[in-house]
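# Structural characterization, general
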Amino acid sequence: MSVFSVYIHFLISRVPRYTPSSKQNLSSKIRRKSLPTYFLRLVSNFKFTLPHYLPNVNQPDKDSLLSLPLKKNSMVTRDLTQGSIVGNIARFSIPYIISYFLQILYGLADLYIIGQFRGVESITAVSIGSQVMHMLTVMIVGLAMGTTVSLAKSIGMGDTPKGRAVIGNTVTLFLGISIVLASVLLCCTRNIVSAMSTPAEAVSETISYLRICFIGIPFIVAYNIIASIFRGMGDSQSPTYFIAIACAVNIAMDYIFIGKMNMGAVGAALGTTLSQAASVLVSLIVMTRSKSGIRISGKDLRPDGRTMQEVVKIGVPVSLQDGFIQISFIVITIIANRRGLDDAAAVGIVEKIIGVLFLVPSAMLSTVSAISAQNIGAGKPDRARKTLMDAVFIAASFGLVSATAMQFLSGDAVGLFTGDERVRLLGGQYLRSYIWDCVFAGIHFCFSGYFCACGHSIISFIHNFLSIVLARIPLAWFASANWPDTLFPMGLAAPAGSSLSVIICIGAHLWLRKKELYARGVSNGHKTD
């Protein structure tokens, strides 16, 4: 809790103090305008601080982008095309790991707290519901990857107008997506719960959990596009401050709604939704009060076909890739659900543990994409490749250490979330085999980030699709059918699928490298002639 206190103190110290008159003016503005109109007006006044090698907003766009120093009161940003590659990876990935951990802590806190006050039915409801929400969130994050890469390339090239257009079009695009997505999912809640093969005892609470979370989708989308913009600018620290507020609020709300008010899964959903709203509110206040940076105008918010196409071209394959991965997890969850309540609870708990252990692989994907995109934009492809190789080494090493440790600690790790001995036994079996996915997934995550930076995110989609269709799902079904008394063989399906992805990624990288060298040779030949 001391870490959260530090983050909260930091953010509060940066939030401006409003006078009663200013609050009254703000309220009157909101009353006079519809919510979407007011939101767009608010965003149009954002001052996103770009790295120190981009000009101040008062400078003409045609001026040199290397002219102005970083102002002291600006948010933290970084030039990722200079200095130690390993140092840049560490400085970018560590705040991302903390941020991602805090997001994962949402689900862990929900499971832990509800496990202290409610039974297996509530645990299963939160487990299944949070898995659906996690799938939606990672798909949103994947789509936002298009913003991160496009903005990072703009920064690398020193193209300020394009950077403004990317930010503005991102806001417009995702605002529409969030409204449509929330509306559709609210209408399909019962069908989703049914498709998940939710045990009958947990159906009612699962429906309630998902309905509340679906209402909060605009807040989830808003936070993730804000985070993608900052990371595209080389700043992975600011999103950490914002999500820290949300995590602290979520834990407090869980104890109030679940512990004190005995609201079960409904309380967990309310805590998550309100905490996301708090995170977005704080981030909006901080950004609108920033005194330096780049101002987004109404012109930048107007849809631009070329800019949106670039964002979507990179983001959609990544979103689909992440979606297919989550679908494979959901299919495995459905298989486990059909084995009984104990198996469903064990798989749900292990998924949460795996989410924590996947912090480093996930951070490497975002890190490689942002750093490589900036370097490619700056005309430094060799430095981008070196970033990939260093990240692969870090991710694979972490995976090996984690997998080895969990061979001895799996039962204790599962026991943190349940006192049921049967669930603990099954969860330990599943975790000991599943954990090896941390090694192979870490490697292909790094390659996926690099392919996104190169504009070839379709490769990431292809290798994940093949791994799911050819390995993850069929192997999980085969293991469940032939070993009904243990979850250990089912856990091997995930690392088997990731192994196939690694093979495809290495082959694709070699092909792209050969293609690049050939293009260089042809270019040099023309110059010689």
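Attention in this report is confined to the structure presented alongside it. (Residues numbered from 1 in each chain as written. Predicted model: local features only at pLDDT ≥ 70, side-chain atom pairs only at ≥ 80, totals over all residues. Heavy atoms only, no water.)

All right, on to the overall build of the protein then. Looking only at helices and strands, the protein has 21 helices and two strands in total. In the protein, which comprises 529 residues, the proportion classed as buried is 57%. In the protein, once contacts between residues fewer than 6 apart in sequence are set aside, the share between residues at least 24 apart is 83%. Counting only carbon and sulfur atoms, one obtains 65% of the accessible surface of the protein, whose full area is about 22000 Å². (Helix = DSSP H or I, 4+ residues; strand = E, 2+ residues; numbered from the N terminus. Buried < 20%, exposed > 50% of the residue type's maximum accessible area, 1.4 Å probe, protein only. Contact = heavy atoms within 4.5 Å. Areas by Shrake-Rupley, 256 points an atom, 1.4 Å probe, with all protein chains shown as cover.)

Summed over the entire model, instances satisfying the criterion amount to seven aromatic pairs. When the centroid spacing of 6.1 Å and the interplanar angle of 75 degrees are considered together, the rings of Phe478 and Trp483 count as edge-to-face. The structure contains a cluster of three or more aromatic residues connected by ring pairs, namely Phe447, Tyr450 and Phe451. (Phe/Tyr/Trp six-rings, centres within 6.5 Å; stacked < 30°, edge-to-face > 60°.)

Below, the discussion takes up the packing of helix α5 (residues 120–157) against helix α14 (residues 341–357). When two helices pack together, you describe them by how their axes are tilted relative to each other and by the distance separating the axes. Axis separation between α5 and α14 bottoms out at 9 Å; the angle between their running directions is 50 degrees. Taken together, the axes of α5 and α14 lie oblique to each other. Note on packing geometry: the crossing formed by α5 with α14 is left-handed. Where α5 approaches α14, its residues Val120, Thr124, Ser127 and Ser130 are matched on the opposing element by Leu341, Ala345, Gly348 and Lys352. Broken down by class, the residue content of the contact of α5 with α14 amounts to three nonpolar, four polar and one charged. (Axes fitted to C-alpha atoms, helices over the stretch in contact; angles between N-to-C directions. Parallel < 35°, antiparallel > 145°, perpendicular 65-115°, else oblique. Left-handed = near helix turned anticlockwise from the far one by under 90°. Nonpolar A, V, L, I, M, F, W, Y, C, P; charged D, E, K, R; others polar.)

Turning our attention to the environment of Thr367. As for its position among the elements, Thr367 is in helix α15 (residues 359–377). As for Thr367 and Ile94, which are separated by 273 residues in sequence, their C-alpha atoms are 9.6 Å apart. Setting aside residues up to four positions removed in sequence, Thr367 forms contacts with Ile89, Phe92 and Ser93. A distance of 2.7 Å separates a polar atom in the side chain of Thr367 from the backbone oxygen of Ala363. (Polar contact = N/O pair within 3.5 Å; in protein donor to acceptor, adjacent residues only side chain to side chain.)

A few words now on the nonpolar core. Membership of the largest hydrophobic core comes to 79 residues, with the highest contact counts inside it found for Ile353, Tyr430 and Leu431. Other than its neighbours up to four places away in sequence, Leu431 contacts Val350, Ile353, Ile354, Met406, Ser410, Ala413 and Val414. Among the nonpolar cores identified, the runner-up in size contains 39 residues, and Ile128, Val193, Phe214 and Ile220 belong to it. (Core = buried A, V, L, I, M, F, W, Y, C linked by side-chain atoms within 4.5 Å.)

Bringing the environment of Asn262 into the picture now. Examined against the element boundaries, Asn262 turns out to sit in the loop between α10 (238–260) and α11 (265–288). Along the primary structure Asn262 and Phe117 are separated by 145 residues, whereas in three dimensions their C-alpha atoms are 7.7 Å apart. If near-sequence neighbours (up to four positions away) are discounted, Asn262 is found in contact with Arg118 and Phe257.

Before going further, it helps to examine helix α9 (residues 217–232). Helix length check: α9, at 16 residues, gives a terminal C-alpha distance of 22 Å against a target of 22 Å (1.5 Å per residue), a fit within 8%. The buried fraction of α9 is high, at 14 of 16 residues. In the stretch just after α9, Gly234 is the one whose phi turns positive, near 85 degrees. (Expected span 1.5 Å × (residues − 1).)

Counted as a void, the second largest pocket has a volume near 270 Å³. Those elements giving two or more residues to the lining of the second largest pocket turn out to be α16 (381–415) and α21 (493–528). Counting residues per element, the lining of the second largest pocket draws most heavily on α21, which supplies five residues. The class makeup of the residues in the lining of the second largest pocket is five nonpolar, two polar and four charged. (1 Å grid on protein atoms, 1.4 Å probe; cavity = no way out; pocket = protein on both sides within 12 Å on 5 of 7 lines; lining within 4 Å. Points joined across faces, edges and corners; volume = space filled by probe spheres on them.)

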